[in-house]
Structure formats: structure tokens, C-alpha cells
Amino acid sequence: MWSTLVLGLFVLAARHLAGQGGAGALTLVARDGRRSIPIAIVNNREYVALDDLAATFQLAVREESGALTVSYRGRTIVLTPNQALASVAGRLISLPAPTARAGGRWVVPVEFISRALAPIHDSRLDLRAASRLLVVGDLRVPRLTMRYEPVGTGARLTVDATPQTASVVAQESGRMSIRFEADALDVVIPPVQAQGTTAIVQAIRAADPATLAIELGPRFAGFRASTQTVDASTRLVVELLANAATETAAPPPAPPPAGELPTFGGPTATIRTIVIDAGHGGEDEGTKGANGTMEKDVTLAVARRLRAVLENRLGARVVLTREDDRSVPLDERTAAANNNKADVFLSLHANGSIRPATSGASIYVAAFTDADRSAAALAPARVPIFGGGSRDIELVPWNLAQIRHVDRSTELARILEHELETRVPLGARPIEQAPFRVLESANMPAALIEMGYLTNDDQERQLAGAAFQVAFVQAVADAIVRFRDVLSAGSGADR
Amino acid sequence: MNQRRTAGVIVLTALAANLAWVLFVGLPQWYGTPPQSAVAAAAPVAPAATGRKIKARLFYVGEDGSTLVGVEQDVLYGEGAVAQAKAIIEAQLAAPAEPWVSAVPPGTTLRALFIARGEAFVDLGGELMRALPGGSLNEMLTIYTLVDALTVNLPAVNAVQLLVEGKEVETLAGHIDLRRPLAQSLALVAEPTGPTDGR
């Protein structure tokens, strides 16, 4: 019922508009409807007029003694023209640009709404600057990040909803719908490139305030949807399966069929090669225990043990990033994994803390920002091929190669945690994400394991001893076996 | 003529006497050490007692050793975002009051700071890398102490890039990528469990 009380909003390609510097408008969404607040561009920044805000939010604006006073129910904001500062109920805040005069009106940067107006206003004001959306009141307007990508002969649609939002996926004849438990959606819908007989999906569009509609193509055969929680988001993954009969009956024009293009670094169904990185080495000792145990020695000893166990149990090729005590640059370590086409990359480390009591192992997965994801989502480049024609290849920046594997890496981390927790002490937060340099460029599922703390006396003894190292290595080997099984089980849809 | 010369000498002598009094008597009285009672009264809020101050949330290592705790402290007021950012980083680099412990190695200096397009560039002295103990945890706590101190307190700062000796560095100690600005991350920040602040 709540969804009928509001008008929904779909903000399409707003970033493109912003990038062109067009004036446009800020769209305000509230329970009683929506309206526009004009945006003016001043010095390449987006501004809104103070009198427009005054009319919308019941503000009184007064100009006196060279200052502008904005009042709302006894609370005040004091602005000084040409200064990027404001006093909000007596507290000084900064603005990204100064208050200015344009077209005979006082204008303020759009961020004024979230930084100055929101703290004094009775209603919750949520400014989505990137999509030029202003949500007024306690409405549920999740931000959706969508990704559509070919996987094997099928395709995958990934939708991250922040904050966490439940959804229902349904299919009826040639259309699939994803309905979110929300009042409106804040979404930029990605383009779908395949058309005609080769298409699994022909178009994705907004159907109503809280529903996305997916127009299905002739190659669509079925789908499988799953959700998981990733930090503050709910991730919905819809695997779209291709119709093999259609593919045979109507072969796509050569050369070569788009659905059969090799994907860059896609997950493999088995584990043939594993690269183990023994952290630090040479002059870089890493952290050091009170009794002289050095991280670089522990990591090399455990890496050697792990190689022997993995080669025996999986029959896999195991490559170490260093065989002895020498310094290896971080990029060379990751390059060893990429150049050997490793299916799994593990970096081994030992930790240090300024508090001697801190102990326990932790598993890290690479972390990326939204800006990183945007940078990694480059359009495919069309290159000529031998014998005529052209093909699309994916271009992924070297330092962002891990982005497409983060889900698998997180899955690997969870399995590692499960196997380690009964055999070695784990830290308070066993799995964490952080921008680890050695993981970011890895073009395969990858994790970094901090085995324990050399700054803790007990753990220093454990880490240097055979009993701990054997237990740790067995747990990691069991985890790799389980991860291989997970990859094999999931390969039917991917391949 | 002699009378004029005599008058000039008298005037010069008087001026010299006045100057000597100002230098050796007046100035020490006006700007010298205040009485002992005044020192005692000023001590609890030194050394920032003379300037206007703001409240800022600074970050120190939690009791568990693996988290940061945000502590509200008085920080000198800075005119404009850059000056305020400098004041916050200087306060964060200063030795904290007991029992707080900073993740940033003692003696780390701020060389320069500037802000462009919402990204703060914080140039620190080389002692940071030399004094940083090993381990990814220490590295993360150090980095996010500084990143969060700016992004939490200054809305004008969305991300922070740490520089060392004026140059971009790959990592501080072999773990966290510093080649691009880092956004705020409160994943390492825990609710305070130690003594209440107000120091």
C-alpha cells in the first residue's frame, strides 16, 4: 500500500547529464509527490537558488550586514557571500563552493541541502547528488547498482541494492520482473548490447516505481536467482541461461559468435594451478616477534608446506612467488599468479599489533570503491582479427583486475574461515575487506591470510612451530578442495 | 649653539633611558612569565588554550588492539578547510593523553596538506615509514586513523591520499595500496570501551 502513496522515480543516465554541465533539475521525492528544483551551473558546479529552497522547505531568508540568514522554526543558518563556509545552528561547516549571486538570486551549492539544511530540518533530507535526487522523509529509495555481463553462452545480471532491500523475481511469457520492497528506486540501468536472434535479454527498463522489467530475447531458456548480503547491500544475482536449440537453429553471423567469446579471467570449473605468495622476504622482514621470529621466515616455511600438501592432494601445479629469502616487488608477486593463469592466489602473512594481547588469524579480501568499479567497467574495445572482421575484447585496468572476482574471493574466504576455525585461533573479525595491493591485480579468486600475531608471545611460539604450521596447512588444503567442489558444482550454469 | 647642543643631548639621554627601561623592565613585566597561580590555572587546557577551538573526533587504538576508537577532542580552529584539516592532522599526530595510544608512530610530522576536488593530500615525514611496526593491522590502523580523522570531521573531504616526503608511495609497509585516495572506512572503528573522553 505504501507504494501507492508516492510517485516513484527512476533516474536514468543522470551522470551523463551532469558530466555535460547541463542545468537540469534536482528531483525531489516525498510522500505527497515529486517536484523539481532547478539547478544552475556556476563555475562548473551545481547550485540551487536559495529562494527555491525557501519555497520548498518553508525557510525564511534574510540579508543583512553582508550576511545571509536562513531561518527554519527558530533554527538558523548563516552564510557569508563568496565564502564556502556556513554556520549551522552555531556549528561551522564547510561547503564545496562559496555562496554566489547568479541571475539576480542568491545560489548555494547543492551540497548545502545535505550539509546545512538537513541538520536543522524536521524531515529527513537525503541528497543523492550523483543521481540528482533528493529524498524527503523516511522513504525507502534504495540505490541500485546493476551489471549485465555475458557468462559462457548465457548472461548474468547482478543488482546490488543499498541499503539492504528484499526483492521478488518473476517471469511471465517474454518478460521478467524484479520487484523491490521500496517506495522508489535510484538506479542507472546499464545498456544491453546483444540484439536480434543472439539476445538473451533485449532491454531492461523501469516498469513502475519499485519494479524493473527485463524484456527477454529469443535465446532465453530459463533463469536462476539468488540473493546474498554483502556489507550493507543485498546482492541479487540472476543467471540467465541460453537456449542451445535456438543457438543451433539460428547460428550467429561469423566471426565468431558473441556468446562464445572467451571472457577475461572468468572463473574456471576446476583448480589446475595455485600460486602461493610467501609475504615479505629479503631486506623486508615484515613484522618481528619479541623472540626474533620474523614474518618473512614463517611465511616461506608455511608456503613450502602448503605446496607439498596441495600437490599431493589436488595434483595441482603449485607455484611459489619466492623460493628463498629474497625481496620480491608486490606487482611481481601478483604477476606470477596472472602469468601462470592461476585458479587461486593465496598470500600468506603474519600480523603485528601494538597491543601484545591481540591474537588470531584473519582472512582478507580486496576492497574496491564505487569509483574503482566505474573505472573497471570500461566499454569493450573492438579490435580487428586475422582473416577479416572484428571482435570485442574486455579491457580491465591492471590494478582493478580483482574486481570481477571479489564474489568468488569472498566465497573462498568463507570456506577458509570455516576450515580454519576449528584448528587455529581466529581473530575477532575473521574475514575483512581492505585495499591490499597484492590482491587488487590478481585476475582470479584471491585472499590474503594473516596467520596470527608475532607480537603475541604465545602466537609467536605457535607460528614458528611445526604443530601450528601443519594444522594451518591442512585447513587451507581442505578449504581449497571444498572451493574446487563449489566451482565444479557452479560450472554448469557458467560454462 | 651650545644651548641647542645641550638640549639635544638631554633629549637623546632621556630617549635612551626610556628605551632601556622598556627593554629591561617593561617588556619582561608585560610579556614575562605570569605568576605561579596563573600557570596552574592554565595547565589543564594547555597548550591550545589561547586559540579558538572546535570539537573533532580523533582516533586511537582500542583496548583490543585491532580497532580504532573515536574520541571527541578540542582542536584548534582553522580558517577554511585546508587550515582546519591541518589543525586536525596536527592534533591527531600529537602524543595523546593517557591512556590513549595512537596507531601513528610517535614523531610523525606533517609536511604539507592541500585539498583538491574533495580529496585531501596529506604529506607526511619519512619517519612514518621508518618507525611503522610491521603487520598489516598496524598499517591499516595508521592509515585509517588519518583518513577517518579528516573524512569524519570535514565534510569537504571525501577521500585522503597519503604522501611521504612529498611523493606518492605504493604502501607504507607492504600491504595497503596508497596509489590512490582512500575513502572513509569505519570498518575498523569500534564503539569506545575505554575511559570516557574529555581530556
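The structure presented is a predicted model; accordingly, all values stated were derived computationally and were not measured. (Residues numbered from 1 in each chain as written. Chains lettered and ligands numbered in written order. Predicted model: local features only at pLDDT ≥ 70, side-chain atom pairs only at ≥ 80, totals over all residues.)

Q: I'm lost on the overall build of chain B in this one. Help?
A: In terms of regular secondary structure, chain B is built from five helices and eight strands. Across the 199 residues in chain B, those meeting the buried criterion constitute 34%. By sequence separation, contacts in chain B at least 24 residues apart represent 63% of the contacts at least 6 residues apart. (Helix = DSSP H or I, 4+ residues; strand = E, 2+ residues; numbered from the N terminus. Buried ≥ 20, exposed ≤ 12 C-beta atoms within 10 Å, placed from the backbone. Contact = placed C-beta atoms within 7 Å.)

Q: What is the right way to read unusual backbone geometry from this model?
A: The bulk of non-glycine residues show a negative phi, and the bulk of peptide bonds are trans. Here T162 of chain A and P163 of chain A are connected by a cis peptide whose omega angle stands at -5 degrees. Relative to the elements of secondary structure, P163 of chain A occurs in the loop between β15 (154-162) and β16 (167-172). Of note, the amide linkage connecting E98 of chain B to P99 of chain B takes the cis form, showing an omega dihedral of 5 degrees. Mapped onto the elements, P99 of chain B comes out in the loop between α3 (81-93) and β3 (110-116). Even without being glycine, N44 of chain A reaches a positive phi, approximately 65 degrees. Along the chain, the position of N44 of chain A falls in the loop between β3 (40-42) and β4 (45-49). Unlike most non-glycine residues, A89 of chain A shows phi in positive territory, near 50 degrees. Among the structural elements, A89 of chain A can be located in the loop between β8 (85-88) and β9 (91-94). Of the residues examined, A89 of chain A has 14 C-beta atoms within 10 Å and is grouped as partly exposed.

Q: Would you mind showing me how to read the pairing of strand β6 (residues 67-72) of chain A here?
A: Within a regular strand, side chains alternate between the sheet's two faces. Residues and elements named next belong to chain A. Where strand β5 (residues 60-64) meets β6, five bridges bridge the pair, whose relative direction is antiparallel. Bridge assignment links A60 to a residue of β6, and that residue is S71. Connecting β5 to the next strand, β6, in antiparallel fashion are two residues, including S65 with a positive phi near 50 degrees. Looking at chain direction, β6 and strand β7 (residues 75-79) are connected through five bridges and run antiparallel. In the sheet register, Y72 faces β7, and the bridge partner there is R75. Linking β6 back to β7 in an antiparallel pair, the connection comprises two residues, with R73 at a positive phi of about 50 degrees. (Pairing = 2+ DSSP bridges.)

Q: Explanation requested: the interface of chain A and chain B in the structure shown.
A: Interface extent is often summarised as the accessible area lost during association of the parts. Listed as interface residues are 30 residues of chain A and, on the opposing side, 27 residues of chain B. Mapped by element, the contributors of at least two residues to the side of chain A that touches chain B are β9, β25 (344-351), β29 (426-434) and α10 (437-440) of chain A. Per element, the largest residue contribution to the side of chain A that touches chain B is four residues, and it comes from β29 of chain A. Looking at the side of chain A that touches chain B residue by residue, the class counts come to 10 nonpolar, 11 polar and nine charged. (Nonpolar A, V, L, I, M, F, W, Y, C, P; charged D, E, K, R; others polar.)

Q: Explain the sheet that holds strand β20 (residues 211-216) of chain A to me, please; I cannot follow it from the model alone.
A: The strands making up a sheet are joined through hydrogen bonds of the backbone, oriented either antiparallel or parallel. All names here are of chain A. One open sheet holds the four strands; their spatial order is β16-β17-β20-β19, and the pairing between them is antiparallel. Only two strands of the sheet have a single partner each, and these edge strands are β16 and β19 (201-208). Strand-to-strand twist of the sheet, defined as the mean angle between neighbouring strand axes without regard to direction, takes the value 20 degrees. Note that β19 and β20 share six bridges and pair antiparallel. (Axes fitted to C-alpha atoms, helices over the stretch in contact; angles between N-to-C directions.)

Q: What is the right way to look at α3 of chain B in this model?
A: With 13 residues, α3 of chain B extends 18 Å from end C-alpha to end C-alpha; this agrees with the ideal 18 Å at 1.5 Å per step. Restricting attention to buried positions, one finds in α3 of chain B the residues A81, Q84, A85, A87, I88, I89, Q92 and L93 of chain B. On its buried side, α3 of chain B packs onto β9 of chain A together with β1 (53-61), β2 (68-76), β3, β4 (119-124) and α5 (136-153) of chain B. (Expected span 1.5 Å × (residues − 1).)

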